[in-house]
Amino acid sequence: MSDAPAPETDERRDRLVEVLRSELGDRVVDSLVKPGDDVWVRVATDAWQETGRVLRDALRCNFFDFLSAIDWLPSPFGKSEDSPLDQRPALSTDIVTGYAGGETRFQVFARVTSLPERVSITVKADVPLEDLAVDTWSAIYSGANWHEREIHEMYGIGFRGHPYLAHIYLPGDFEGHPLRKDFPLLARHVKPWPGIVDVEPMPDEGDDAEAEGDAAAEGAE
Amino acid sequence: MTAISDRQKLAYVNAQAADGRVNLEFETEEGMTLNMGPQHPATHGTLRIVAKLDGEQVIHCEPVMGYMHRGYEKLLEVRTYPQVNTLVNRIDWLGSFTNEVPFILASEKLMGVEAPPRAQWIRTILFELGRIANISLFLGDTALHMGGMTAAFYAFRDREFVLNQIEAVTGGRFHPNFDRIGGLKDDFPKGWIADTKAVMARLRDFCDEIEDLVVGNEIFQARTRGIGIIPGDIAQSYGLSGANLRASGVDWDLRRDVPVGLAWDQCDWTVWTHPDGDSFSRYWVRLQEVREATKIVDQLCDGLPSGPIMAKVPRIIKVPEGEAWVATENPLGEMGYYVVSKGDLGPFRVKIRTASFNNISVIPWVTRGVYVPDVISILASLYFILGDIDR
Amino acid sequence: MLLNEFLFLAAALFALGVYGVISRRNGVMVLMSIELILNSVNINLVAFGAMNGNLTGQVFALFIIAVAAAEVGVGLAIVLAIFRNRRSVDLDEVDLMKG
Amino acid sequence: MPDIYGKGLLKGLGVTFREMTKTIFPDGMTKRPSPTKGAATVQYPHEKEAPAPRARGVIALKEDNCTVCMLCARSCPDWCIYIEGHEEKAPPRRPGGKPRTVSALDRFDIDYALCMYCGICVEVCPFDALFWSPEYEYSEPRIADLLHDKTRLGEWMETVPDFEPYEAGSEVKVRKVPR
Amino acid sequence: MGLIVAAARNADAPVLVAQNIAFGVIAAIMVFSAFRVVTTRNVVHAAVYLVMVLSGAAAQFVLLGAEFVAITQLLVYVGAIVVLFLFGIMLTRAPIRGEERATRDSWPLGAFTALVLAGLLGYSLTNGFGGDRLPRYCTTAAPLAGSCLSPSGTRAISDAIFSTYLIPFEVTSLLLLAALIGAIVIARRD
Amino acid sequence: MSAFLREYLTVAIFTGVAFGLLAGVLSVGKLIRPVRPQAEKYFNYESGVDAVGTGWVQSPIRYYVFALLFVMFDVEAVFIFPWATQLEIYGWFGAVEMGIFIVLLALGLLYAWRKGVLRWT
Amino acid sequence: MILGLHLAYWQTSVIRSLGVLVAVLLPAGTFVYIFLFKMVSFMQSRLGPMEAGPYGSMQLLAEVGKFIQKEDIVPDNADRRLFKLAPYLVVATVLLVYLVVPFGPKMRFVNFDGGIFYALAVSSISALGVLIAGWASANKYSLMGGLRAAGQLIAYELPMVLAVVGVVIQAGTMNLSGIVAAQANGKMFGFGGLGNPYFITQFVGMVIFLIAVQAELTQTPFDMPIAESELVTGYITEYSGMRFLLFFIAEFAAVGSFAAVAATLFMGGWAVPGIKFDSGVMNVLGPIVLMAKMTLIAGVIFFVRFTYPRFREDQLQKFAWTILIPVALANILVTTVLKVAF
Amino acid sequence: MGLVESGKMPKPLTNLLNISRRYSIWIFQWGLACCAIEMGAALGSPRYDVMRLGVIPLPASPRQADLVCISGTVTDKMVPAIRRLYDQMPDPKYVISMGSCANCGGPYWDSYSVTKGVDQIIPVDVYVPGCPPRPEALLEGIVLLQERIRHEDMAERWKGDPIVVT
Ligand code: SF4
Ligand code: SF4
Ligand code: SF4
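All of the points below concern the structure found in this document.

What counts, and where the lines are drawn
Residues numbered from 1 in each chain as written. Chains lettered and ligands numbered in written order. Predicted model: local features only at pLDDT ≥ 70, side-chain atom pairs only at ≥ 80, totals over all residues. Heavy atoms only, no water. Helix = DSSP H or I, 4+ residues; strand = E, 2+ residues; numbered from the N terminus. Expected span 1.5 Å × (residues − 1). Buried < 20%, exposed > 50% of the residue type's maximum accessible area, 1.4 Å probe, protein only. Polar contact = N/O pair within 3.5 Å; in protein donor to acceptor, adjacent residues only side chain to side chain. Contact = heavy atoms within 4.5 Å. Buried area = accessible area lost by both parts, 1.4 Å probe. Salt bridge = Lys/Arg side-chain N within 4 Å of Asp/Glu carboxyl O. Near = heavy atom within 4 Å. Nonpolar A, V, L, I, M, F, W, Y, C, P; charged D, E, K, R; others polar. Axes fitted to C-alpha atoms, helices over the stretch in contact; angles between N-to-C directions. Parallel < 35°, antiparallel > 145°, perpendicular 65-115°, else oblique. Left-handed = near helix turned anticlockwise from the far one by under 90°.

1. Section: helix H3 (residues 43-63) of chain E
All names here are of chain E. Compared with an ideal rise of 1.5 Å per residue, which puts 21 residues at 30 Å, H3 spans 30 Å between its outermost C-alpha atoms and is within 8% of the ideal. Buried residues dominate H3, accounting for 18 of its 21 residues. The residue sitting at the N-terminus of H3 and contributing the capping side-chain oxygen is Asn 42; that oxygen lies 3.0 Å from the backbone nitrogen of Val 44. Phi turns positive one or two residues past the end of H3, at Gly 65, with a value near 85 degrees.

2. With respect to the interface of chain E and chain C
Across the contact, 89 residues belong to chain E and 69 residues belong to chain C. When chain E packs against chain C, the two sides together hide about 7,100 Å² of surface, and 75% of this comes from carbon and sulfur. In this structure, the connection of chain E to chain C is made through zero salt bridges. Remark: the boundary between chain E and chain C carries two residue pairs in polar contact (both at pLDDT 80 or more).

3. Focus on the site of ligand 3
Near ligand 3, the surroundings consist of 15 residues, among which Cys34(H), Cys35(H), Ser100(H), Cys101(H) and Cys131(H) are the closest. Close to ligand 3, residues of chains B and H are found. At the level of secondary structure, the elements contributing two or more residues to the shell around ligand 3 comprise helix H3 (34-44) and helix H5 (99-104) of chain H. A total of three residues in the shell around ligand 3 trace back to one element, the largest contributor, which is H5(H). A breakdown of the residues in the shell around ligand 3 according to their chemical character gives eight nonpolar, six polar and one charged.

4. Side note on the packing of helix H9 (residues 203-216) of chain G against helix H13 (residues 313-341) of chain G
All names here are of chain G. The interhelical angle for the contact between H9 and H13, taken along N-to-C directions, is 150 degrees, at an axis separation of 10 Å. Of the possible angle classes, the one that applies to H9 and H13 is roughly antiparallel. Considering how the two elements wind past one another, H9 and H13 form a crossing that is left-handed. Contact residues: Val 204, Gly 205, Ile 208 and Ile 211 in H9; Phe 319, Leu 324, Val 327, Ala 328 and Asn 331 in H13. Here the contact of H9 with H13 is built from residues that sort into seven nonpolar, two polar and no charged.

5. So, the site of ligand 1
Taken together, Ile59(D), Cys76(D), Pro77(D), Cys80(D), Ile81(D), Cys115(D), Met116(D), Tyr117(D), Cys118(D), Gly119(D), Cys121(D) and Trp132(D) make up all the residues around ligand 1. For the shell around ligand 1, the residue count by class is 11 nonpolar, one polar and no charged.

6. Brief notes about the pattern of salt bridges
Residues and elements named next belong to chain A. Summed over all chains, the structure comprises 50 salt bridges over all chains. Between Arg 105 and Asp 71 there is a salt bridge; the shortest N-O distance is 2.8 Å. Of this pair, Arg 105 sits in the loop between strand S3 (63-71) and strand S4 (106-114) while Asp 71 sits in strand S3, placing them 34 residues apart in sequence.

Here it is as structure tokens:
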């Protein structure tokens, strides 16, 4: 278990992790429990489907929240609010993954809830870059069907065994996977940012909300 | 605006039209394909339902979405936190304020701040007002889809009062952009609470009216009872939430079961469930929900604590690194944001879990073997909002 | 008016009906041709009734209309049954009721 | 099935009938019928409803207060504020002081065809130069006319209402609109 | 059409001219429509032409003073049987552009038969009823009399049915019942 | 001409006048309405997308059964009406006769009912 | 003749025909204005048209003026001739029904022996127009709408016909003038002062008739064929401009014609109790009285229409076949027995 | 053929025609996004009741519509449908673009799937600003449109190429 400094323990969530570990063995790669808050578990890619089954059958997490994916690559474009005058630091391209770690650029993650226990869990799995696919959950949670279609469209991640992996949102001739970080939003590149003129310094760089009131008083003179 | 030549335009339009043929896949030798939408009165705008029929019976029914896909999750990655807040208003456009709350709560969770109690109460009040504004329209609209025109007019009429109250506080009838990390933008104007309580009384009358006009009507019951039954376990497996889940007999309400810090636990209200799981019970549960919401608002208005509405937060908001998930019980069901932050001005990735997307994913399952008119009533009773599906 | 006017009209309808019955492929069209024939008979009946100044003709015309209704009902049901089984109402294809 | 079939039907008729009589005879059945009074309708071109003072209808610009700090343009999610300015010398504030450098506004356009009426610009403006006005009647047959320049934005200033006082228990200070 | 000519030539009183013209016009429409019924390639068109034949027949009944039969013709034939036909057509396939091959290969045989039949009938009719005239319309309302043609009231028809033709009447109901049951059995055989 | 035919002539003239008027209005409209042909204007409406397949519905057989029942009862009505005008004269005899007739046809309805053709499932 | 001029028969007929057209369009227009625009609006707590003319009274003229200017579109796939024919057929059936309705002792256009029978026969033809319209549009919604509409029209034609039988038995005639006379001169429980309007003795019949009328007019709750939330506008989906207006007129003229027939059959037609039955006054007063009764019935029709949700197709068929028709048959039997027994 | 196109229409008659077009505007029931609800409020809420102005929200099919109010976000996937439905409306027809999204993309101006303004595909007569415009703002747009219709020269409008982008 990762370094979760536990001021208190959370039995319900610990049990989730324990059961998962006992069912999946060392295919549970990493986990993080924030007591009283939430729990993250990362499993090996090949255990993805198995995890779903364990969650549903052994842990009675019957309620399907969502299934999604993430691209950990930092965006090469920033927010496109480029000003020739501002010297922005060069954008980093290092991949830093979130809770429960990760090894590759793409991760799928899903969240399910056990209604009687009133506890939810987020499970993650890496998606290997060379073969962008994981096993489908649609047979385990019916609701995953559409979520997987969405992910397929947005990230280009395949789902093995999915019944109908077609476009869900975008028109048929759309090219690219919009939610990948390297997909550019053209409008932001084409239109010049209106903020690129020299700017008067702020009257008050105070960091509390009262600043606004002060400024107002000043400006109203 | 840039003028494009007609030729370009037509070429573009034709290319797009190619997409209109997806339903060809459904066409077979027998039966026929009925296309409802994208422009179709039954689909709240722009959902498209492709139903393969045998006579009037539905063999397979597939929603085609994306006509309202606006790329939220991508857009949120290039916006700052205040900008995200205003954009997410437009997901479930009927109960806009309720969209902001889980996002703000998730951000607050990452930042480790908590809004002062007065802000929490006001949030809850506005949240419930959003729920009323949303569901009261549903009450009329569903009747409208089954031909009962007058109920829709009543719904619009009484909903206006709620919107007025929302506007008086937030400045927007629809898109309040009122929630801030650490608190709220502003406080109630003078006299607001009294007005609101009057409006709540009026809405309870509206509920009674609907009860007489729609719920008690034998024709309405004949159209909805026993139609589109979704058992509880199916509902869970599809991730149905909100009234759809409760109408299937599952007693689950995030307001009660997963408290997120708002003021629901301060007042006395009931979570209604219905054992049947059919269209009628979905309608009924929602009707009760409006009633409960008016009660909640009344109680909260009475006990509103005094104090500041803003916690101390930096003027320029940067959210520390981390991941957080907060979901609330929105009018349409469970809406949650999974916010991943890298410590920037804006979020790194936001997964928006909307209720309608899951709610309507059950359509292919629930419409097998029903008649075309029932598709309409089932769709109406499942209650979705296109922005909430497509994002 | 001459009685023959009506009789000629009926004869023309009758002949056309017979042509239709023999030559049409579509089962429904054949039934329509039969209606033509029945109508020609009706015209005759009523005309003769008027000629003789009694009501027998009209009453019989009524009965014939009733019979025609029954005939069409059953006839179309047969056509539909054929269509169900063979996806066609083409009488050439279902000759001799092989199906 | 309900206890008596048809009861619900009659009740439904009763609801609409009551509403009709209420609309036609707002003052009771004995008085003169007056549907224009009884109906919930506000007859738009002749009479107008009053939006709440906080309503976000259109943004008014108090040009004198603007220091061309660009904060609004930068925080606008839609990039729909276009500002140009230059610096010029102004007479000193107090007699005998140093002459100041102030920024003068050359252009301040808001594209209402693009604006999403979020209010972020108004909120971030540190100098109280932008205000919400509840006016809403500015449809145009040409889209270019929806780009309001600084004169037009300045004209809206007249329609800006005063800020309202707050409900009891509030600790927020009431601000004033500079006139 | 010969019919019109015949009708016009035989007009023996100015009052009758109108009737004869009416007859001629209606008859022409009927024959033309009937011709189209058996020749058109489009089933729905055929049904519409059939409507014209049937309403024409109703009009002829009116000319013959058989009001009740005329209305019955409208009610049952046009209002019910044709609707039944249209349902039948729409339950089977009715391409909007008509069918490719609407007639059988044996249509010359049919044409031949029809022509022969028409000739035979025509010949025998001219022979048999060459100069028979229908009685004129009565100018005053008078009960049934052989001498003049008067509109036969519904009551008279009713009396006829419920006295002389009582047995056929009851048999009709049996027939209808049988047809109904038979048709349901046939149509619903799955 | 007899009064009887005169009334029907009225019907004919009326029909002519009415149609003439309608057609007249339509052709006046022709003068003032625009004709702006455009290929897509004449496509069939199908919620804004291309129509799929033919407009042909294999509509359920039950419509046919309904039509059939209707025809049968319509014929019945034809016999009932004259009878109804004369009922006073026929007395019990007429009532019984018609009773048999109606009951027989009602049997048909009952049969259809029992066969389940009036239900949709 | 009235002005001392001698007009040929056809000339008087033309004048009379125009009279009928006015008699059709006037009530139809009034109903649309009073009920569709105003009453319904009041039911929904709004005002309805206000700008066109005082209180929006010119709204209908504006509608007509607008529709004349609209382009007339016949879809490529449609069957042109039938597409154009169908609206005429539907309008014709409605107009022809009006002909037999008596407006006064002498105020009637034709006086058929089989008056009511004729009215029923003519109105049954509208199913044909609807089916043809639906088919000729070559549109799925239209076809489904047409089939449903026709299925519904025939299903409710029957209870209507059967409900009328009761009246015919009581009156002993099918002539509408005769039926009016029978009601005006009839006795109720031996008391003849008020005549015998049949809505008392034939109450069941009237209820059935009105329900059937509601369905024949495809008004809610029986408006499944044109359910706009499902089949767009059913069989009129493809119609535009004047042709659409024809359907529109037909719909509301039909409200008028059925209301007129119902008023004549069940409410004593143009006669009022207390005024001598065939006094000349009634030739002027009669039309007004009849209009008033028609308005009452039309009001009920619209009142119900805007209150209820709609039945599903199978439910309304089932309602017709398993409830209305058996009840109507029973009504006939009971009426027969009572008539013969007393 | 057409008297109007040739410009030979007498003036009073043209006025009459314009007036009747002005007061009989059948608005197509079609909403796209949030603005659609405000449009629905304008059409359906007794408080605004657009029927007063002669705008009848009846037709669900484009064939009977005079006015289409594009109220909401126009996505690229929706474009062909909008174009098709607009084409299917019979002339004379009018378009109101309601809300920032329809005007030029609005909040989604940088999205990959949103069309930047409905005027790129169909000609627009009146732009109503707002996000969403309050129902009265739509009413104002309608009144503006009615004013324009009143003084419209139909000969001008009906001449020329059907696809016009202003
Ligand atoms: S209201 Fe929002 S979108 Fe509009 S100008 Fe201000 S910041 Fe930009
Ligand atoms: S933020 Fe205020 S002061 Fe700065 S440029 Fe904008 S309007 Fe002017
Ligand atoms: S303009 Fe605003 S309110 Fe209207 S559809 Fe777009 S986001 Fe929604």
